[in-house]
Amino acid sequence: MTAMQIHDIGPLLNQMLKGNMFDHFLLREASVSHAFQTDIDGTLNSRFYSEEECRQLGLSGLRFIPFSHVRPLCLDLIKGNRKPDAFRFVFLLSPEHQANTVARAGSVFQTEDITGMFLNLNYKNEILTCTTGISYRIFSPDKTLEKEWDRVAALFFRRHGIAVSEK
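Since we're looking at a predicted model, the values are computed, not measured.

Some points on the overall build of the protein
Here's step 1: Looking only at helices and strands, the protein has 5 helices and 8 strands in total.
Here's step 2: Against the compact-globule benchmark of 15 Å for 167 residues, the protein has a radius of gyration of 16 Å, which places it among compact chains.
Here's step 3: Along the first, second and third principal axes, the C-alpha set of the protein runs to 50 × 45 × 25 Å.
Here's step 4: Across the protein, contacts joining residues at least 24 apart in sequence account for 68% of those joining residues at least 6 apart.
Here's step 5: On the protein, roughly 9,400 Å² of surface is accessible, and the fraction owed to carbon and sulfur atoms is 49%.
Here's step 6: For the protein, the separation between the mean place of its 19 positive charges and that of its 19 negative charges on side chains is 4 Å.

Quick look at the structure:
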């Protein structure tokens with residue numbers, strides 16, 4: 001796990017909410033604090049879509065909603081004349097990207113050993129931080145995968161032109 005401060009808040013939000021920067025992530029949860037508090041639980045409501053719709057939308061087998069499906073709602077919550085007092089987004093790497101990252105890490109872990117690889121964006125007191133994390137199904141002292149995920153997360157921001165520094 002690592003914590004990074006994001007220096008380019010405006011460009012990050014622009015790419016996140018108006019572009020596709022986070023489209024290969026699922027949204028675990030989000031909260032935005034402005035005149036009132038808005039909380040989003042990203043758990044996919046399987047009763048809302050038919051099986052055919054799930055296949056067509058690429059939702060089959062997912063537990064959480066892809067961020068691309070809720071991005072317009074999140075944009076509406078954040079845009080306006082006044083910026084939010086605070087916000088938090090908990091992103092979960094998509095199963096396909098998670099499998100690629102696990103395979104590339106060269107660790108003892110298999111894809112089924114991992115329940116999630118997270119990016120947590122927290123904005124408060126005009127400071128935006130990102131923390132990384134991995135949720136495991138098993139215990140191992142091997143930190144190879146965590147180091148790879150931290151490296152990939154930092155590279156992700158750099159590739160999008162977002163300046164970050166470790167906290």
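Having put the structure on the table, let's press on.
Here we look at unusual backbone geometry
Here's step 1: A positive phi angle is found at Asn-125, which is not glycine, with a value near 55 degrees.
Here's step 2: Take Asn-125: it is sitting in the loop between strand S6 (114–124) and strand S7 (127–136).
Here's step 3: For Asn-125, a relative accessible area of 62% corresponds to the exposed category.
Here's step 4: You will see that Glu-126, though not glycine, has its phi angle at about 65 degrees, which is positive.
Here's step 5: By secondary structure assignment, the location of Glu-126 is in the loop between S6 and S7.

Details of the nonpolar core
Here's step 1: Among the nonpolar cores identified, the biggest contains 52 residues, and Phe-22, Phe-67, Phe-89, Phe-91, Leu-119, Leu-121 and Phe-157 are the most heavily contacted of them.
Here's step 2: If one sorts the elements of this core by residue count, helix H5 (residues 144–159) sits on top with 7 residues.
Here's step 3: With residues up to four places along the chain from it excluded, the contact list for Leu-121 reads Ile-6, Leu-12, Met-16, Phe-22, Phe-87, Arg-88, Phe-89, Phe-91, Leu-128, Thr-129, Cys-130 and Phe-157.

Observations concerning the pairing of strand S3 (residues 37–41)
Here's step 1: A one-sided burial pattern is seen for S3, the buried positions being Thr-38 and Ile-40 and the unburied ones Gln-37, Asp-39 and Asp-41.
Here's step 2: Connecting the antiparallel pair strand S2 (residues 25–33) and S3 is a turn made up of 3 residues.

Details of helix H3 (residues 67–78)
Here's step 1: When we look at burial in H3, the residues that qualify are Phe-67, Val-70, Arg-71, Cys-74, Leu-75, Leu-77 and Ile-78. With its buried residues spanning 165 degrees around the axis, H3 presents them on a single face.
Here's step 2: Here the buried face of H3 lies against helix H1 (9–18), S2, S3, strand S4 (65–66) and strand S5 (86–93).
Here's step 3: Immediately beyond the C-terminal end of H3, within one or two residues, lies Gly-80, with a positive phi of roughly 140 degrees.

The rules behind each value
Residues numbered from 1 in each chain as written. Predicted model: local features only at pLDDT ≥ 70, side-chain atom pairs only at ≥ 80, totals over all residues. Heavy atoms only, no water. Helix = DSSP H or I, 4+ residues; strand = E, 2+ residues; numbered from the N terminus. Rg over C-alpha atoms; globule rule 2.2 N^0.38 Å. Contact = heavy atoms within 4.5 Å. Areas by Shrake-Rupley, 256 points an atom, 1.4 Å probe, with all protein chains shown as cover. Lys, Arg positive; Asp, Glu negative; His and termini not counted. Charge placed at Lys NZ, Arg CZ, Asp CG, Glu CD. Buried < 20%, exposed > 50% of the residue type's maximum accessible area, 1.4 Å probe, protein only. Core = buried A, V, L, I, M, F, W, Y, C linked by side-chain atoms within 4.5 Å. Pairing = 2+ DSSP bridges. Arc of directions from axis to C-beta.

In short, shape yes, function no, at least from these values alone.
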